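The chain contents come next:
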Amino acid sequence: MRGMYVKILLAWGIAVLCITLIAHSQSDVIDLRRTSSLGNGTALEILRPDPLGIDVLMRTPDAEHTWEYLETLQRWGYTRGYVPGVQTLRMDGDWHLVLSEGYTADLTLFHNRDAVFGRGRLTPAQRSTYAAGQVVGSVVYLDLLTEDLALYRCMLTIRGDHLQGSYYGYSPQGLMWSGQVRMERAS
């Protein structure tokens, strides 16, 4: 009877050792090196311990490009039910923008993929204004550049039937200011 317990214990020990060796060989990060002869010399060949070729998938994702990846997956329908409600808005058409410093702008915008661009007029100064930016999920990044080179860099979030957010203003003379911005479709 004692011999049977020894055999079972030995079998369990061998099984644990084999599983440990297999797991260790899969997770070993040290490069294995092998030499092979090429003509007169010897070359060093590096073998990577990634037999499945999934090392690329295990790297930390680049945060700057993650939204593009999720947007592509969402467009293909793979993320329905998994990605929180990313609300996208078509920006084509006429828009009315109000800056907290008292300026308003009437803009005609075009939307192509994630790019938004157009032009309009900033009042009461009656200055031509050009717009360029992009839509990322439920956020619109929009730059307004006036004919006298004042730049308004807006970040707007979709709030029901309008957009609301903040902006930073920059002048060619080196001044900078900030405020709130609201944008809605012109009627």
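Computed from a predicted structure; not experimentally measured.

A. View of a nonpolar patch on the surface. On the surface, a nonpolar cluster with roughly 730 Å² of combined accessible area is contributed by Met1, Met4, Tyr5, Ile8, Trp12 and Val16. Residue placement: valine 16 occurs in helix H1 (residues 2–27).

B. Fine view of the pairing of strand E9 (residues 162–170). The pairing of strand E8 (residues 151–159) with E9 spans nine bridges and is classified as antiparallel. Within the sheet, the bridge partner assigned to cysteine 154 lies in E9 and is tyrosine 167. A loop of two residues connects E8 with E9, the two strands running antiparallel in sequence, and glycine 160 in this loop sits at a positive phi of about 70°. Relative to strand E10 (residues 176–185), E9 is paired through nine bridges, and the arrangement is antiparallel. What sits directly across from glycine 165, in E10, is valine 181. The turn linking E9 back onto E10 is made up of five residues, and glycine 174 within it adopts a positive phi angle of 100°.

C. Quick peek at the nonpolar core. Among the nonpolar cores identified, the biggest contains 23 residues, and Met91, Leu97, Leu109, Leu142, Leu144, Leu163 and Met183 are the most heavily contacted of them. Residue assignment for this core shows that the elements contributing at least two residues are strand E3 (93–99), strand E4 (104–112), strand E5 (115–123), strand E6 (127–136), strand E7 (139–146), E8, E9 and E10. No other element matches E8, which puts four residues into this core. Those residues in contact with leucine 109 that sit more than four places away from it in its chain are Met91, Asp92, Gly93, Trp95, Val116, Phe117, Gly118, Ala131 and Met183.

D. Molecular detail of the packing of aromatic side chains. Applying the stated criterion to the full structure yields three aromatic pairs. For the ring pair tyrosine 152 and tryptophan 177, a centre distance of 5.9 Å and an interplane angle of 80° mean the geometry is edge-to-face. Placement of the pair is tyrosine 152 in strand E8 and tryptophan 177 in strand E10, with a sequence separation of 25 residues. Members of the aromatic cluster, connected to one another through ring pairs, are Tyr152, Tyr167 and Trp177. One Lys or Arg, arginine 127, reaches over the ring of tyrosine 103 and ends 5.3 Å from the middle of that ring.

E. Local environment of unusual backbone geometry. Residue proline 124 follows threonine 123 across a cis peptide bond; omega there is 10°. Counting through the fold element by element, proline 124 comes out in the loop between E5 and E6. Although it is not a glycine, leucine 149 adopts a positive phi angle of roughly 65°. Along the chain, leucine 149 turns up in the loop between E7 and E8. You can call leucine 149 exposed: its relative accessible area is 52%.

What counts and what doesn't
Residues numbered from 1 in each chain as written. Predicted model: local features only at pLDDT ≥ 70, side-chain atom pairs only at ≥ 80, totals over all residues. Heavy atoms only, no water. Patch = residues over 30% accessible without salt bridge, like charges linked within 9 Å, V, L, I, M, F, W, Y side chains within 5 Å. Areas by Shrake-Rupley, 256 points an atom, 1.4 Å probe, with all protein chains shown as cover. Salt bridge = Lys/Arg side-chain N within 4 Å of Asp/Glu carboxyl O. Helix = DSSP H or I, 4+ residues; strand = E, 2+ residues; numbered from the N terminus. Pairing = 2+ DSSP bridges. Core = buried A, V, L, I, M, F, W, Y, C linked by side-chain atoms within 4.5 Å. Buried < 20%, exposed > 50% of the residue type's maximum accessible area, 1.4 Å probe, protein only. Contact = heavy atoms within 4.5 Å. Phe/Tyr/Trp six-rings, centres within 6.5 Å; stacked < 30°, edge-to-face > 60°. Lys NZ or Arg CZ within 6 Å of the ring centre and 35° of its normal.

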